[in-house]
Amino acid sequence: MDEQALLGLNPNADADFRQRALAYFEQLKISQDAWQVCAEALAQRIYSDDHIKFFCFQVIEHQIKFKYSELTEVQQQLIRETLVTWLQAQMLNPQPEKTFIRNKAAQVFALLFVTEYLTKWPKFFFDILSVVDLNPQGVDLYLRILMAVDAELVDRDVVHTSEEARRNTLLKDTMREQCIPSLVESWYQILQNYQYTNAELTCQCLEVVGAYVSWIDLSLIANERFINMLLSHMSVEVLREEACDCLFEIVNKGMDPIDKTKLVESLCQVLQSAGLFSIDQEDDVDFLARFSKLVNGMGQALITSWTKLVKNGDMKSAQDTLQAIEAKVSLMLQLLIHEDDDISSNIIGFCYDYLHILKQLSLLSDQQKANVEAIMLAVMKKLTYDEEYNFEHEGEDEAMFVEYRKQLKLLLDRLAQVSPELLLASVRRVFNTTLQNWQATRFMEIEVAIRLLYMLAEALPVSHGAHFSGDISKASALQDMMRTLVTSGVSAYQHTSVTLEFFETVVRYEKFFTVEPQHIPNVLMAFLDHRGLRHTSPKVRSRTAYLFSRFVKSLNKQMNPFIEDVLNRIQDLLELSPPENGYQALLSSDDQLFIYETAGVLIVNSEYSAERKQILMRNLLTPLMEKFKMQLEKLMMAQDEDRQMALADCLNHAVGFASRTSKAFSNKQTVKQCGCSEVYLDCLQTFLPALSCPLQKEVIRSGVRTFLHRMIICLEEEVLPFIPSASEHMLKDCEAKDLQEFIPLINQITAKFKTQVSPFLQQMFMPLLHAIFEVLLRPAEENDQSAALEKQMLRRSYFAFLQTVTGSGMSEVIANQDAENVERVLFTIIQGAVDYPDPIAQKTCFIILSKLVELWGGKDGPVGFADFVYKHIVPACFLAPLKQTFDLADAQTVLALSECAVTLKTIHLKRGPECIHYLQQEYLPSLQVAPEIIQEFCQALQQSDAKVFKNYLKVFFQRAKP
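For clarity, every value in this text was computed on a predicted model and none was experimentally measured.

This part covers the overall build of the protein. When its secondary structure is counted, the protein shows 47 helices and zero strands. C-alpha atoms of the protein, sized along the principal axes, occupy 95 × 85 × 65 Å. A burial count over the protein gives 52% of its 962 residues as buried. Residue pairs at least 24 apart in sequence account for 72% of intrachain contacts in the protein once pairs closer than 6 positions are excluded. Carbon and sulfur atoms form 51% of the exposed surface of the protein, whose accessible area is close to 43,900 Å².

As structure tokens, this is what we get:
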């Protein structure tokens, strides 16, 4: 071996050596006999360096994985012998190999097992057992090999081909017949031999039993001698976690419901008599987390049995099983309420399923009602934040608690289904008690009290948030709680979690304010002062901006008395932040979008006259326009790139804010009624000159484009005079992304105004296409994935544009171009349908082709088009689906094929018998299609039901492909 290259295997080697080692590995992988050198090095223990040993195993692993079939019988025998020799040597090693080498060796053994067990090495396990016997180092390797074999055969995380899945099933069946009983016996011997002397091996063996139990005969494990041994391990501190997991796998195994109930009950009796059912908070939490998972498994197994027995009509056994379930509830509650969330989280599944049983029972016993109440109290307690939760810098622990809270919410929803009255009463009690004395209460208790009120909205579902009508007792309870919430003064509590929960709940129950509108001013003040939009926490300010906008929108009718006051109070929050360094605005530009939208909504939905609305809207937008002009001048002069970027962002925000105010309008009618058209036209005239700015084009264009999209909706044809010059600017010096974002604007105009914009479209059609083609033809690096993706997206946008033009009845836009250009466009559509393996684009191309055939394919169509149909469109309908890349198992591709079928049907519709004649006599024979298939194809095409032909076409191409 290249000793110099091997030096690079050491993790501390320098980069050059490491590079050389990698190159050497690649060289050995393709070499014919390098694996033999590695095999010899392992068998004769030539190297003591761990990294070289690992390297040798890697080379052999590669050989078995990818090139085993190329080896002769003798060479394959050599690999087997090498591994056995290496294994024998481990028995005599004074020190075991490092863990990473043992794991790699086990993987190599497992690969060889998968390859050879069914043919050349049926005694694989017996040979290994005869070598290792009960030698601890040997047993360790034997157990690792078993885990590696299990990983190869049943690992759910590995995606297997159907061929591998079949092979794995055959391997497992053969193992069950030939060696599993002997393996199980070996596990029993290992456990018996080492349970008191070698905890590590015992735990490894328990892990193996747990892994194999899912696919071997359960009676080999679920029997007295095995179970008794496992249960005895539950009392041994170093073994009990693995024993727990092993018992969990046994309980999890599918079996007859009555037998499962008996098995679980016998386990529980022993566990209970061992004192494991009384949970001590101080107990080892790692063990309790595993134990909780085991109890959860036992509970869910019993519930599955109960469900099956009820379904089978065996009510006597079902009743026995239900009693067994009920007997576990007190243990479940101890685990659910445990202060460690992992332990609690592990039992939620059992809890949830138990409530599902209660939901199905027509009458609950007193004990069952008490259980429901106990679960409810546990959920309420566990929803509470602890002291350690970091609200300002939420890390992994905080994220885990948020997830855990989501699980508890599901339990709460399920509780509501079992007993909505009890849930409402419990929440009301907790809520009222807490808020009566909120000043002297810890933040987490107040937060959870308000949170519970918030959660009731989903737990007790109603249509359209109508919580305050219908059921009187429920409505009045919620109304009382909401009244308490908004009058208690709790919004002033000094903790972000309470503040946020207050605003979230107020918005969730906005319908309350239509019933009791007298509380609106207080809540508005909370939003507008230091409790909300001016809070010291940016997180609170940001969330409040969004919630404020929702609150105002939902209560627009009730907002009228407060509009001017609110607009005055938010004035400073509307200021466009200057791009000066160090300027700290209260709200980010994203948050300001919500404030602008709110201002727009307040003005538009007010009961003011159109004149007053116009004045207010002008007051809102004029400062933006003035700032925009100033910042644009500064940008034109700016030299420094960072400064340019800051100014461009500022301009973009100004345009974005103006766009957002228009969200209050649904269409041109409402803009006109409010007398606001003029203000927005002024905005257009202010913003459009920025398109000619040569600096930071991408940012500025993006903002102006969005504004134009909005104005097309709000101003309709009043926008049209601005479109040509805007388009001209946006087509200068384009990148793929610019075009991709510009095309939807043109599509929107085309689809909305149709023939009104025909002259403009005809004029800008070729400039737009030239810009697209120029970008698409630019050379790119061969493996530049992002460039390839950008081109693919641009191609899709281009075809979407042609689809809009043809679909809006504007085919004359194409027809009126020069003949040469028309031809070029048609060929790009054919190319898109056939040459690019992108089913989304192909589908669009076939839609365009069938539209063009429908418009131009008749007798009075453009000169030469019929010829084009037969020479290019018909062949495209066959060449595209015949390509290897056209995957008929892919849903998008099937949609493309469906449009291909529509194209052929349309050709037949427009050209009639002539089309059939061409297919029968010329085109299909040229593809060497058999006469009877040609006949069958033409008959299917002539069917009046298009669906029949679509289905036929799929079968036709499935047969045609090799």
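In this section: the packing of aromatic side chains. Applying the stated criterion across every chain, the model contains 49 aromatic pairs. Each ring, one from Y385 and one from F391, has its centre 4.8 Å from the other, and the planes form 75 degrees; the classification is edge-to-face. Using a relative accessible area of 12% as the deciding quantity, one classes Y385 as buried. For the pair Y918 and Y923, a centre-to-centre distance of 6.3 Å together with 20 degrees between the ring planes defines the contact as stacked. No difference in accessibility class separates Y918 from Y923, as the two residues are buried. Members of the aromatic cluster, joined through ring pairs, are Y870, F878, Y918, Y923, F937, F949, Y952, F956 and F957.

As a further point, take the environment of E200. Mapping E200 onto the fold places it in helix α11 (residues 199–212). A residue is classified by how much of its surface remains accessible, and E200, at 54% relative accessible area, is exposed. Placed 380 residues apart in sequence, E200 and E580 show a C-alpha to C-alpha distance of 64 Å.

This part takes up the nonpolar core. Among the nonpolar cores identified, the biggest contains 339 residues, and M175, W187, Y212, F291, F878 and F937 are the most heavily contacted of them. If we ignore the near neighbours within four places in the chain, the residues touching F291 are M234, C244, L276, F277, I279 and L331.

With the rule as written, the count across this model stands at 51 salt bridges. As a salt-bridge pair, D140 and R102 come within 2.9 Å of each other at their nearest N and O atoms. A residue pair is termed long-range when its members are at least 10 positions apart, and D140 in helix α8 (residues 136–154) and R102 in helix α6 (residues 99–116) qualify at 38 residues. Summarising the burial analysis for this pair, D140 and R102 share the class buried. Among the ionic pairs, E564 bridges to R612, the shortest N-O distance being 2.5 Å.

What follows is about unusual backbone geometry. Notably, R45 is not glycine yet its phi reads approximately 50 degrees, a positive angle. With respect to the secondary-structure elements, R45 resides in the loop between α3 (34–43) and α4 (50–66). Look at Q696: it is not a glycine, yet its phi comes out positive at around 50 degrees.

With that settled, the discussion passes to the UniProt feature "domain: Exportin-1/Importin-beta-like" (unreviewed entry) in the protein. Under the UniProt annotation, "domain: Exportin-1/Importin-beta-like" (unreviewed entry) lies at residues 99–247. As a span, residues 99–247 carries 74% helix and 0% strand, and end to end its C-alpha atoms are 27 Å apart.

We now examine the domain arrangement of the protein. How large an interface is tends to be reported as the accessible area lost when its parts come together. Along its sequence, the protein is organised into domain 1 (177–253), domain 2 (257–386 + 397–418) and domain 3 (818–961). Domain 2 and domain 3 are separated by 61 Å when their C-alpha centres are compared.

Owing to its 3.6 residues per turn, the α-helix aligns residues three or four sequence positions apart on the same side. Over its 23 residues, helix α21 (residues 396–418) runs 34 Å from end to end, which matches the ideal 33 Å to within 8%, given 1.5 Å per residue. By the burial criterion, the buried members of α21 are E398, F401, Y404, R405, L408, L411, L412, D413, R414, L415, A416 and V418. Along its buried surface, α21 packs onto α17 (329–336), α18 (341–346), α19 (348–360), α20 (366–382), α22 (420–436) and α23 (443–459).

Reading guide: rules and limits
- Residues numbered from 1 in each chain as written.
- Predicted model: local features only at pLDDT ≥ 70, side-chain atom pairs only at ≥ 80, totals over all residues.
- Heavy atoms only, no water.
- Helix = DSSP H or I, 4+ residues; strand = E, 2+ residues; numbered from the N terminus.
- Buried < 20%, exposed > 50% of the residue type's maximum accessible area, 1.4 Å probe, protein only.
- Contact = heavy atoms within 4.5 Å.
- Areas by Shrake-Rupley, 256 points an atom, 1.4 Å probe, with all protein chains shown as cover.
- Phe/Tyr/Trp six-rings, centres within 6.5 Å; stacked < 30°, edge-to-face > 60°.
- Core = buried A, V, L, I, M, F, W, Y, C linked by side-chain atoms within 4.5 Å.
- Salt bridge = Lys/Arg side-chain N within 4 Å of Asp/Glu carboxyl O.
- UniProt positions renumbered as here; feature names shortened; annotations may be inferred.
- Domains from an automatic or database assignment.
- Expected span 1.5 Å × (residues − 1).

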